[in-house]
Structure formats: structure tokens, C-alpha cells
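Summary of structural features
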Amino acid sequence: MKETLKALDEFMRSRGLKLTGPRKRVVEKILSVKGHVTADELIELLRKDRTPVSKATVYRTLALVSQSGLIDGHDFDSGRRVYEPMVGRAHHDHLYCIHCGKVIEFSEEAIERLQDMVVARHRFTPVYHSHKIFGYCSGCAERNPARASRG
């Protein structure tokens with residue numbers, strides 16, 4: 001965690017900002033989360049820990065730290081932005097159930113190779129990418145077979 005916070009401190013300083021105590025507490029909490037969490041869920045986790053951090057600080061910190069690559073933010077459903085820690089994790093993509101909100105992470109080398117071919121063909125220099133597939137998880141499709149036939 002020390003190395004991660006040091007890297008974040010350098011990132012912040014490169015933008016003329018400081019890694020304040022409240023920002024540090026937000027980062028420590030998001031990096032301890034397993035899976036995906038919304039800003040409001042993170043605020044609730046901080047409150048349960050009796051960690052005094054304002055809602056504005058949480059939202060601003062998440063936006064800033066997303067730029068550093070330490071966390072990733074995703075828009076899945078009507079403005080529902082979720083965050084996940086990326087420290088020590090390989091790139092992956094997501095399946096999102098539009099009924100229950102379940103997020104399934106996956107990695108597929110064939111998709112990555114195809115993206116690399118498209119990028120090369122267009123002489124494009126990628127910085128990052130995000131691949132999301134929206135549909136119905138197996139549980140929601142089983143409860144309503146009509147959902148499984150959509151496509």
C-alpha cells in the first residue's frame with residue numbers, strides 16, 4: 001500500500017495537488033474493496049468506519065484517482081458509475097446484467113488480439129479501452145425465458 005500511495009502522491013503533485021488526509025482515507029478504502037462499488041456505497045463504508053470524509057471529497061477523489069490508473073470507473077446503467085481497484089490486477093472486461101445489475105468480469109485473449117489488429121490497421125495509438133456487454137445474467141434469463149431469446 002505504501003508504494004501505491006507514493007505513486008499516487010507523485011501523480012497528484014504532477015497536477016499541482018496534494019494527497020491530503022481525507023483523500024488518502026478515500027483511496028485506502030477504495031483499494032481495500034473487493035469488486036465494484038459506487039461513490040455512495042464507498043461513503044457508507046467510510047461512515048461505518050467512522051472516517052470523516054465529505055461527500056464532495058469522495059466524488060472528487062474518485063474522479064481524480066481514476067485518472068491515475070489506480071482505480072477504474074465504469075458507467076453501466078443510467079448514470080450508475082462504479083469503481084474498482086486496479087492495483088495488481090490484470091486488464092479485464094465486463095458483462096452487465098441490465099435487470100439485476102450483476103457485473104461479471106472476464107478476460108478473452110481473442111478479443112484482445114482482434115482489438116490489436118484493428119488498432120494496427122488504423123495506425124491508432126490506444127491509451128486504454130473498456131469493453132462492456134449488456135444483457136441478462138443466467139439467473140435473470142432463467143426466471144424470465146423471454147429475456148434469453150433477445151439479442
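Relevant structure appears above.
Below, the structure is looked at part by part. On a predicted model such as this, the values are computed, not experimentally measured, just so you know.

Considerations on the nonpolar core
Core analysis: the biggest nonpolar cluster contains 23 residues, and Leu 8, Ile 30, Leu 42, Val 58, Leu 62 and Ile 71 have the highest contact counts within it. Elements with a contribution of two residues or more to this core: α1 (2–14), α2 (21–32), α3 (39–48) and α4 (55–68). If we ignore the near neighbours within four places in the chain, the residues touching Val 58 are Val 26, Ala 39, Leu 42, Ile 43, Leu 46 and Val 53.

With respect to the sheet that holds strand β6 (residues 132–135)
Pairing in this open sheet of three strands is mixed, and the strands run β5-β4-β6 from one edge to the other. Looking at strand neighbours, the two that pair on one side only are β5 (103–106) and β6, the edges of this open sheet. Taking the axes of each pair of neighbouring strands and ignoring which way they run, one obtains an average angle of 20 degrees across the sheet.

Regarding the pattern of salt bridges
All told, the structure shown has four salt bridges when counted by the stated rule. Arg 13 is the partner of Asp 9 in a salt bridge, and the nearest nitrogen-oxygen pair spans 3.0 Å. Of this pair, Asp 9 and Arg 13 are both found in helix α1, four residues apart, which corresponds to roughly one turn of the helix. A residue is classified by how much of its surface remains accessible, and Arg 13, at 57% relative accessible area, is exposed. Lys 29 is the partner of Asp 49 in a salt bridge, and the nearest nitrogen-oxygen pair spans 2.3 Å. Here Lys 29 lies in helix α2 and Asp 49 lies in the loop between α3 and α4, a separation of 20 residues in the sequence.

Description of α3
The complete set of buried residues in α3 reads Ala 39, Leu 42, Ile 43 and Leu 46. Down the axis of α3, the buried set is contained in an arc of 105 degrees. They therefore lie on one face. What points out from α3, more than 90 degrees from its buried face, is the exposed set Arg 47 and Lys 48.

Cut-off values and rules
- Residues numbered from 1 in each chain as written.
- Predicted model: local features only at pLDDT ≥ 70, side-chain atom pairs only at ≥ 80, totals over all residues.
- Heavy atoms only, no water.
- Core = buried A, V, L, I, M, F, W, Y, C linked by side-chain atoms within 4.5 Å.
- Buried < 20%, exposed > 50% of the residue type's maximum accessible area, 1.4 Å probe, protein only.
- Helix = DSSP H or I, 4+ residues; strand = E, 2+ residues; numbered from the N terminus.
- Contact = heavy atoms within 4.5 Å.
- Pairing = 2+ DSSP bridges.
- Axes fitted to C-alpha atoms, helices over the stretch in contact; angles between N-to-C directions.
- Salt bridge = Lys/Arg side-chain N within 4 Å of Asp/Glu carboxyl O.
- Arc of directions from axis to C-beta.

By themselves, these figures tell us nothing about what the structure is for.
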